[in-house]
Protein chains: 2
Amino acid sequence: MGTGQEHTVKAFDQDIKQLRALISQMGGLAEQAIHDAMKALQRGDTALAEEVRKKDKQIDAIEGEVEKLVVRVIALRAPMADDLREVIAALKIAAVVERIGDYAKNVAKRVPLIHTAGEDRIEALSLLPAMAQMASDMVHDVLDAFASRNAEVAAEICVRDSALDDFYDSIFRTLVTFMVENPRTVSQVAHLLFVAKNIERIGDHATNVAEMVYFAATGRYLADEAATA
Amino acid sequence: MGTGQEHTVKAFDQDIKQLRALISQMGGLAEQAIHDAMKALQRGDTALAEEVRKKDKQIDAIEGEVEKLVVRVIALRAPMADDLREVIAALKIAAVVERIGDYAKNVAKRVPLIHTAGEDRIEALSLLPAMAQMASDMVHDVLDAFASRNAEVAAEICVRDSALDDFYDSIFRTLVTFMVENPRTVSQVAHLLFVAKNIERIGDHATNVAEMVYFAATGRYLADEAATA
């Protein structure tokens, strides 16, 4: 290998390292956003909810940085085969994390609509934080799996998503029952339905990333493995 | 310009043409999916709903083709600057259209949950097809704007999205009122809330594409223009 090429390889490794650092930073902000949005929801803290909405711009900005870096890496280093696929995967994963941030922002947006004056105590509210913690842990672990190219953890995320889906179905039924029994709260509880749905979608997105990580690490599709298991 | 370079340029133009054809094909399938999902919903036609779900795999497959083509174009033609941005934009737009297909599929999935045995007549149902038509037209027009690089049409899509959001808010209130007055239908109407939300999200995604098209055509961000207008 000539020195010129070696130089390019090292520069490429640096770029990949930077891409991963940016994605990890986005992931940290997304986890924090989920956590804060749920805290705001539980406490009816509209100031914290507003902060979550504002901070989402940081996540969007880092996604923009990832995109610019990806375009620069492709233009300058002309990566081939696996390297190119890794760069494209980073672009896609950044887009997914950005969407996870959007779901947290959407939960935050609904806080003032759920905590209206003269509200009834909405019991179903107590189930959502546990569900959100499950989803948030999935996001954390899948980004760890991405950083360490851990196919086993990635496969496990998909199993956890089934549990999250079951949790969602149970909360959906609980909320519907609550609405029937407390017609005065229908509007607020309808917003809670969307909160639960947002959390369920966060799990779906973590699973999408897990599938990409699994494929990158093994060259096999996780869905195919599951179908034949 | 040497003949070799000219050859590469022509080959690149062919690739871009193919990318656009694939995206246009995806767009046509997504529009059809929205249309069929709404028809299935109105008629309680679960067979048609099932067909929409199955056909979504075609959209996913074309997105996979776009991705492969993008990777190949970048690897073989090493496009620079504007050309590279165009290729990356195609990748992103394909991902958005794939999601629009997912929303239509999600509407289809809810058809059997909304049309259960012994159902009450849900009046609010009659508003949704008009809303879906608005969203579907936005998808159609924004993909036309992408193909013709028409910034003016792209800017107009964003205005139409505000009208769609207002439509959604109105339907949300109507459905909530309906639930309060008809507690027996709460579960079905909750699914209709998600249908309305899915349509509203389709409009958001058409708007995302419009913003990309506007930026590609003018080099300016539509959001900035709107803020200073």
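Every value quoted in this text rests on a predicted model; they were computed, and no experiment measured them. (Residues numbered from 1 in each chain as written. Chains lettered and ligands numbered in written order. Predicted model: local features only at pLDDT ≥ 70, side-chain atom pairs only at ≥ 80, totals over all residues. Heavy atoms only, no water.)

Overview of the overall build of chain A
Then, number 1: Scanning chain A for helices and strands turns up seven helices and zero strands.
Then, number 2: Dimensions of chain A along its principal axes, counting C-alpha atoms only, are 75 × 45 × 20 Å.
Then, number 3: Residue burial in chain A is summarised as follows: out of 229 residues, 48% are buried.
Then, number 4: The long-range fraction of contacts in chain A, counting pairs at least 24 apart against all pairs at least 6 apart in sequence, stands at 84%.
Then, number 5: Treating the 26 positive side-chain charges of chain A as one cloud and the 36 negative ones as another, the clouds have centres 5 Å apart. (Helix = DSSP H or I, 4+ residues; strand = E, 2+ residues; numbered from the N terminus. Buried < 20%, exposed > 50% of the residue type's maximum accessible area, 1.4 Å probe, protein only. Contact = heavy atoms within 4.5 Å. Lys, Arg positive; Asp, Glu negative; His and termini not counted. Charge placed at Lys NZ, Arg CZ, Asp CG, Glu CD.)

Points about the nonpolar core
Then, number 1: If you look at the biggest cluster of nonpolar residues, it comprises 161 residues, and the most contacted ones within it are A:L41, A:I74, A:L128, B:L41, B:I74 and B:L128.
Then, number 2: Contacts of B:L41, omitting those with residues within four sequence positions, involve B:V111, B:I114, B:H115, B:L125, B:L128, B:L192 and B:V195. (Core = buried A, V, L, I, M, F, W, Y, C linked by side-chain atoms within 4.5 Å.)

Comments concerning the packing of aromatic side chains
Remark: the centre distance and the inter-plane angle together describe each pair of aromatic rings, the angle taken between the planes.
Then, number 1: Taken as a whole and assessed by the stated rule, the structure comprises seven aromatic pairs over all chains.
Then, number 2: Seen in terms of ring centroids, A:F172 and B:F194 are 6.4 Å apart; in terms of plane orientation they differ by 35°. Their pairing is tilted. Residue A:F172 is located in helix α5 (residues 151-181), and its partner B:F194 is located in helix α6 (residues 186-218); the two belong to separate chains. Each member of the pair A:F172 and B:F194 is classed as buried. (Phe/Tyr/Trp six-rings, centres within 6.5 Å; stacked < 30°, edge-to-face > 60°.)

Some points on the packing of helix α4 (residues 128-148) of chain A against α5(A)
All names here are of chain A.
Then, number 1: In contact at an axis separation of 10 Å, α4 and α5 are set at 165° when each is read in the N-to-C sense. As far as their axial angle goes, α5 and α4 are roughly antiparallel. Viewed along their axes, α4 and α5 form a crossing whose handedness is left-handed. Touching L128, A130, M131, M134, A135, D137, M138, D141, V142 and A145 of α4 are V153, A154, I157, R160, D161, A163, L164, F167, Y168 and I171, all from α5. (Axes fitted to C-alpha atoms, helices over the stretch in contact; angles between N-to-C directions. Parallel < 35°, antiparallel > 145°, perpendicular 65-115°, else oblique. Left-handed = near helix turned anticlockwise from the far one by under 90°.)

Notes on the pattern of salt bridges
Then, number 1: Throughout the structure, instances matching the rule amount to 22 salt bridges over all chains.
Then, number 2: Among the ionic pairs, A:K92 bridges to B:E67, the shortest N-O distance being 2.6 Å. Taken together, the positions of A:K92 in helix α3 (residues 81-114) and B:E67 in helix α2 (residues 46-77) put the pair across two chains.
Then, number 3: Given a relative accessible area of 26%, A:K92 falls into the partly exposed group.
Then, number 4: According to the relative accessible area criterion, B:E67 is partly exposed, its value standing at 24%.
Then, number 5: The residue A:K197 makes a salt bridge to A:E200 at a minimum N-O spacing of 3.1 Å. (Salt bridge = Lys/Arg side-chain N within 4 Å of Asp/Glu carboxyl O.)

Topic: the relation of the copies chain A and chain B
Then, number 1: Overlay of chain A on chain B (RMSD 0.0 Å): rotation 180°, translation along the axis 0.0 Å. Look at the turn and shift together and you get a two-fold axis relating the two. The position closest to the rotation axis in chain A is occupied by the C-alpha of A:A78, lying 3.4 Å away.
Then, number 2: A shared binding surface is used by both copies, with 100% of the interface residues of chain A retained as interface residues in chain B. (Least-squares fit on C-alpha atoms with pLDDT ≥ 70 in both.)

Side note on the interface of chain A and chain B
Then, number 1: Across the contact, 25 residues belong to chain A and 25 residues belong to chain B.
Then, number 2: Carbon and sulfur atoms supply 77% of the area buried between chain A and chain B, which totals about 2400 Å² over both sides.
Then, number 3: One can count two salt bridges joining chain A with chain B.
Then, number 4: The interface formed by chain A and chain B holds two residue pairs in polar contact (both at pLDDT 80 or more) in total.
Then, number 5: Among the elements of the structure, α2 (46-77), α3, α5 and α6 (186-218) of chain A are those that each provide at least two residues to the side of chain A that touches chain B.
Then, number 6: Looking at the side of chain A that touches chain B residue by residue, the class counts come to 18 nonpolar, two polar and five charged. (Buried area = accessible area lost by both parts, 1.4 Å probe. Polar contact = N/O pair within 3.5 Å; in protein donor to acceptor, adjacent residues only side chain to side chain. Nonpolar A, V, L, I, M, F, W, Y, C, P; charged D, E, K, R; others polar.)

Some remarks on α4(A)
Residues and elements named next belong to chain A.
Then, number 1: Compared with an ideal rise of 1.5 Å per residue, which puts 21 residues at 30 Å, α4 spans 30 Å between its outermost C-alpha atoms and is within 8% of the ideal.
Then, number 2: Residues L128, P129, M131, A132, A135, S136, M138, V139, V142, L143, A145 and F146 constitute the buried set of α4.
Then, number 3: Just past α4, the residue R149 takes up positive phi, approximately 50°. (Expected span 1.5 Å × (residues − 1).)

Describing the UniProt feature "domain: PhoU" (unreviewed entry) in chain A
Then, number 1: In this structure's numbering, the residues bearing the UniProt feature "domain: PhoU" (unreviewed entry) are residues 23-111 and 130-213 of chain A.
Then, number 2: Between the first and last C-alpha atoms of residues 23-111 of chain A the distance is 28 Å; the span itself is 94% helix and 0% strand. (UniProt positions renumbered as here; feature names shortened; annotations may be inferred.)

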